[in-house]
Number of protein chains: 2
Amino acid sequence: MNFPSKLVEKAAENLSFLPGIGKKTALRLVLYLLRNEKKYSIGIGQSIIDLINNIKFCKKCNCISDEEICEICKDPKRNSHVICVVEDVRTIMAIEGTMQFNGHYHVLGGLISPMDGIGPEKLKIRELLDKIEKKQVTEIIFALSSTMEGDTTNYYLFKKLNEFNIKISSIARGISVGNELEYIDELTLGTAITSRVPYENSVSN
Amino acid sequence: MNFPSKLVEKAAENLSFLPGIGKKTALRLVLYLLRNEKKYSIGIGQSIIDLINNIKFCKKCNCISDEEICEICKDPKRNSHVICVVEDVRTIMAIEGTMQFNGHYHVLGGLISPMDGIGPEKLKIRELLDKIEKKQVTEIIFALSSTMEGDTTNYYLFKKLNEFNIKISSIARGISVGNELEYIDELTLGTAITSRVPYENSVSN
């Protein structure tokens, strides 16, 4: 593309590196920023710079945080002996939204994915083992995506953790609430049948 | 959503104001920025700030530019007596890409759209009339979108410009190059028939 301005070109090029934003969308965003109030558009740029310069990672759970220890790890009302293993902060936000979990989290920072060159050594697995070795943990819950990478990571962690005398569980896989059976894929329905639970346990809350 | 960090919340909220970016996408972008190299993520924020602080609007054509007068208006090889009226810089980039136009442009900065509260007074129409009154112009070409707003703006401009003794034209509407006739909508095909051109004119280049 033949840009009328080097500033526009640079901003559009930078924005087009973001996932899901192509060259045309980037130009649309730049024009939108130019049309908008100056204060507001500068605020967007400044909030990105502030974010990168000031963000911290919680020393306990590795979650992104404004301070050395995150709000969840600091909360004395939460059970620090139950740890839910997640990929990133998005899962934490989703689980917190359910208000069904009162333990701590451990953020792996990714999933094992040989295709993308991510081996176990790139994830925060050593830190998880440290916590367990210090005998601070009674139960580990895996809450990873139901994908090839999630399953691989689950299996790797299970092998590593199995030698310790702790309870290891994974979040349940089955049919979603509100789903009609005839539209569910075979794998999910198969898992739901083999993982059936006593009826009195299946009615939540 | 319950954000683990005020910095993340602010950046995600700011990004979610951009068109086409919702709350979940904004959070995905923020996490992507955090995962990436620091220098590169800060570069994105900084290029937005630089853009807003340093961008200018060409004093002749109103197009965004790095200097007081844009590259196109400065070019002595271009014909300043033919002015192509466009909505914004994207049309200029598209027309420049065709390499079929050697005149100047005039950017309106929008289209008349009563639904969005944009009347003619919000567009750079006065500046266009000034150029014509100074007798610098021999031909005006409308290159606006083929939408209700584009047609309204075309009609309004035509009424305003008709009193001057200049040639007024609009870019041709008809079937796109490569289109098969049976799939073309009726309005376009109807326009293409009523706007038929002598065969020797229809073969471009």
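Refer to the structure above for everything that follows.
Conventions we followed
- Residues numbered from 1 in each chain as written.
- Chains lettered and ligands numbered in written order.
- Predicted model: local features only at pLDDT ≥ 70, side-chain atom pairs only at ≥ 80, totals over all residues.
- Heavy atoms only, no water.
- Helix = DSSP H or I, 4+ residues; strand = E, 2+ residues; numbered from the N terminus.
- Rg over C-alpha atoms; globule rule 2.2 N^0.38 Å.
- Buried < 20%, exposed > 50% of the residue type's maximum accessible area, 1.4 Å probe, protein only.
- Areas by Shrake-Rupley, 256 points an atom, 1.4 Å probe, with all protein chains shown as cover.
- Lys, Arg positive; Asp, Glu negative; His and termini not counted.
- Charge placed at Lys NZ, Arg CZ, Asp CG, Glu CD.
- Pairing = 2+ DSSP bridges.
- Axes fitted to C-alpha atoms, helices over the stretch in contact; angles between N-to-C directions.
- Contact = heavy atoms within 4.5 Å.
- 1 Å grid on protein atoms, 1.4 Å probe; cavity = no way out; pocket = protein on both sides within 12 Å on 5 of 7 lines; lining within 4 Å.
- Points joined across faces, edges and corners; volume = space filled by probe spheres on them.
- Buried area = accessible area lost by both parts, 1.4 Å probe.
- Polar contact = N/O pair within 3.5 Å; in protein donor to acceptor, adjacent residues only side chain to side chain.
- Nonpolar A, V, L, I, M, F, W, Y, C, P; charged D, E, K, R; others polar.

Caption draft 1: Seen up close, the overall build of chain A. Counting secondary structure elements, chain A contains nine helices and six strands. Since a compact globule built from 205 residues should have a radius of gyration of about 17 Å, the 22 Å found for chain A marks it as more spread out than a globular shape. When the backbone C-alpha atoms are referred to their principal axes, chain A occupies close to 65 × 45 × 35 Å. Residues classed as buried in chain A amount to 40% of the 205 residues present. If you sum the accessible surface of chain A, you get close to 12,500 Å²; carbon and sulfur atoms cover 53% of it. In chain A, 26 side chains carry a positive charge and 26 a negative one; their mean positions are 6 Å apart.

Caption draft 2: View of the sheet that holds strand β6 (residues 167–170) of chain B. All names here are of chain B. In space, the four strands of this open sheet follow the order β4-β3-β5-β6, with parallel pairing throughout. Of all the strands in the sheet, just β4 (103–107) and β6 have a single pairing partner and so form its edges. Across this sheet, the average inter-strand angle for adjacent strands is 25 degrees, counted without regard to direction. Sheet analysis places strand β3 (residues 79–86) next to strand β5 (residues 139–142), joined by four bridges and oriented parallel. Within β5, the position partnered with isoleucine 83 by the bridge is isoleucine 140. Strands in contact with helix α7 (residues 148–161) are β3, β5 and β6; relative to β5, the strand with the most contacts, it is inclined by about 165 degrees.

Caption draft 3: Structural view of the sheet that holds strand β5 (residues 139–142) of chain A. Residues and elements named next belong to chain A. On the basis of which strands lie adjacent, the open sheet formed by four strands has the order β4-β3-β5-β6 and parallel pairing. Strands at the two margins of the open sheet, each flanked by one partner only, are β4 (103–107) and β6 (167–170). Within the sheet, the average angular offset between the axes of one strand and its neighbour, ignoring direction, is 25 degrees. The strands touched by helix α6 (residues 125–133) within the sheet are β3 (79–86), β4 and β5, with β4 carrying the most contacts at an inclination of about 145 degrees.

Caption draft 4: Up close: the layout of surface pockets. Of the volumes computed, that of the second largest pocket is approximately 640 Å³. Considering the residues around the second largest pocket, the lining is formed by 26 residues, among which Glu87, Asp88, Gly109 and Gly110 of chain A together with Arg35 of chain B are closest to the centre. Broken down by secondary-structure element, the contributors of at least two residues to the lining of the second largest pocket are α5 (89–98) of chain A together with α2 (23–35) of chain B. Per element, the largest residue contribution to the lining of the second largest pocket is five residues, and it comes from α2 of chain B.

Caption draft 5: Examining the interface of chain B and chain A more closely. Each partner contributes to the interface: chain B provides 49 residues, whereas chain A provides 49 residues. Carbon and sulfur atoms supply 77% of the area buried between chain B and chain A, which totals about 4,900 Å² over both sides. Connecting chain B to chain A are eight residue pairs in polar contact (both at pLDDT 80 or more). Of all elements in the fold, only α1 (6–15), α2, α3 (38–54), β2 (64–65) and α5 (89–98) of chain B reach the threshold of two or more residues within the side of chain B that touches chain A. If you tally residues by element for the side of chain B that touches chain A, the top one is α3 of chain B, at 16 residues. Residues that form the side of chain B that touches chain A fall into these classes: 30 nonpolar, eleven polar and eight charged.

Caption draft 6: Molecular detail of unusual backbone geometry. If you check the backbone angles, asparagine 62 of chain A has positive phi at about 75 degrees while not being a glycine. One can find asparagine 62 of chain A in the loop between β1 (56–57) and β2 (64–65). Residue class for asparagine 62 of chain A comes out buried when judged on its relative accessible area of 16%. A positive phi angle, close to 55 degrees, is found at methionine 99 of chain B, a residue other than glycine. Mapped onto the secondary structure, methionine 99 of chain B falls in the loop between α5 and β4.

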